[in-house]
Amino acid sequence: AEISEFITLNMESLDNLCRAAEPIRAELLRGGACIVQVTSPAPQAIDESLLLHKKIARQGLRSEAFIINRVLPFGADVGAGPLSLPGDGGGEALRAKLERNAREMAAVALREHGEIQRLVDNTPLGRTYLRIPMLDEDVHDVPVLKKLLDEITPVRTVPARPGSL
């Protein structure tokens, strides 16, 4: 009953929304614009992105690029090298905690990398995939934006499995 009431009360707004969306869909079908999906490396977000990708494909459209946002560093950057701490007596306990944290973060980064690869494997060849790193600060000024732009990396893709959309 609540859904019916909502639709009845908002029918004009819904009709206007559909009319406004039609020129956008036509432009996308004509190839005058492209769809870029933004996601995170979390499994649920990748699932949602893949579902959206399939829905877009069923409409005769295609996602041209995928931006994977807030990705942890992967590989040699994570937990590399010995930790240098002051020798103040508590340094060894702190070192052990930091090393454990580095190992845990490396495991998370490895899982994220696997999720990004799952996205690549389940979308067509020829798409662009950009990895946006997680920064230790918000992007709120030009120096931080420059730092972010310097850190963006394309995802190295491997051929998708046959039959992927």
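Conventions and cut-offs
- Residues numbered from 1 in each chain as written.
- Predicted model: local features only at pLDDT ≥ 70, side-chain atom pairs only at ≥ 80, totals over all residues.
- Heavy atoms only, no water.
- Core = buried A, V, L, I, M, F, W, Y, C linked by side-chain atoms within 4.5 Å.
- Buried < 20%, exposed > 50% of the residue type's maximum accessible area, 1.4 Å probe, protein only.
- Helix = DSSP H or I, 4+ residues; strand = E, 2+ residues; numbered from the N terminus.
- Contact = heavy atoms within 4.5 Å.
- Salt bridge = Lys/Arg side-chain N within 4 Å of Asp/Glu carboxyl O.
- Phe/Tyr/Trp six-rings, centres within 6.5 Å; stacked < 30°, edge-to-face > 60°.
- Expected span 1.5 Å × (residues − 1).
- Pairing = 2+ DSSP bridges.
- Axes fitted to C-alpha atoms, helices over the stretch in contact; angles between N-to-C directions.

1. Here we look at the nonpolar core
Counting residues in hydrophobic clusters, the biggest one holds 10 residues: Ile 46, Leu 50, Phe 66, Ile 68, Val 71, Ile 116, Leu 119, Val 120, Tyr 129 and Val 155. When residues of this core are traced back to their parent elements, those giving at least two are helix 2 (43–58), strand 2 (63–71) and helix 3 (91–121). In contact with Val 155, not counting residues within four places along its chain, are Ile 68, Ile 116, Val 120, Tyr 129, Leu 130 and Arg 131.

2. Here we look at the pattern of salt bridges
Within this structure, the stated rule accounts for 5 salt bridges. Across the pair Glu 115 and Arg 118 runs a salt bridge, and its minimum N-O distance is 2.6 Å. One end of the pair, Glu 115, and the other, Arg 118, are both in helix 3, 3 residues apart, so they sit about a helical turn from each other. The buried category is assigned to Glu 115, whose relative accessible area is 16%. The partner of Asp 150 in a salt bridge is Lys 146, and the shortest N-O contact between them spans 2.9 Å.

3. As for the packing of aromatic side chains
Here the structure, examined in full by the defined rule, presents 1 aromatic pair. Ring geometry for Phe 66 and Tyr 129: centres 5.4 Å apart, planes at 10°, overall stacked. Taken together, the residues Phe 66 in strand 2 and Tyr 129 in strand 3 (residues 128–133) connect sequence positions 63 residues apart. Looking at Phe 66, the relative accessible area reads 0%, which means it is buried. Here Tyr 129 falls in the buried class, since its relative accessible area comes to 4%.

4. Quick word on the environment of Leu 29
Summarising the element assignment, Leu 29 is placed in helix 1 (residues 2–30). The exposure class of Leu 29 is partly exposed, given its relative accessible area of 42%. Through-space distance from the C-alpha of Leu 29 to that of Arg 62 is 9.0 Å; in sequence the pair is 33 residues apart. Once residues within four sequence positions are removed from consideration, Leu 29 is found in contact with Gln 59, Gly 60 and Leu 61.

5. Points about helix 3
Spanning 31 residues, helix 3 covers 44 Å between terminal C-alpha atoms, matching the ideal 45 Å at 1.5 Å per step. Listed in full, the buried residues belonging to helix 3 are Gly 91, Arg 95, Ala 109, Glu 112, Glu 115, Ile 116, Gln 117, Leu 119, Val 120 and Asp 121. Its buried side turned inward, helix 3 meets strand 1 (35–39), helix 2, strand 2 and strand 3.

6. Focus: the sheet that holds strand 4 (residues 153–154)
In spatial order, the strands read 1-2-3-4; together these 4 strands make up an open sheet with mixed pairing. Two strands in the sheet have a free side with no partner beyond their single neighbour: strand 1 and strand 4. Where strand 2 lies against strand 3, 5 bridges are found, and the strand directions are parallel. Looking at the pairing, Ile 67 lines up with Leu 130 of strand 3. Contacting strand 1 and strand 2, helix 2 crosses the sheet at an angle of about 165° to strand 1.

These results come straight from atomic positions and should not be treated as a statement about function.
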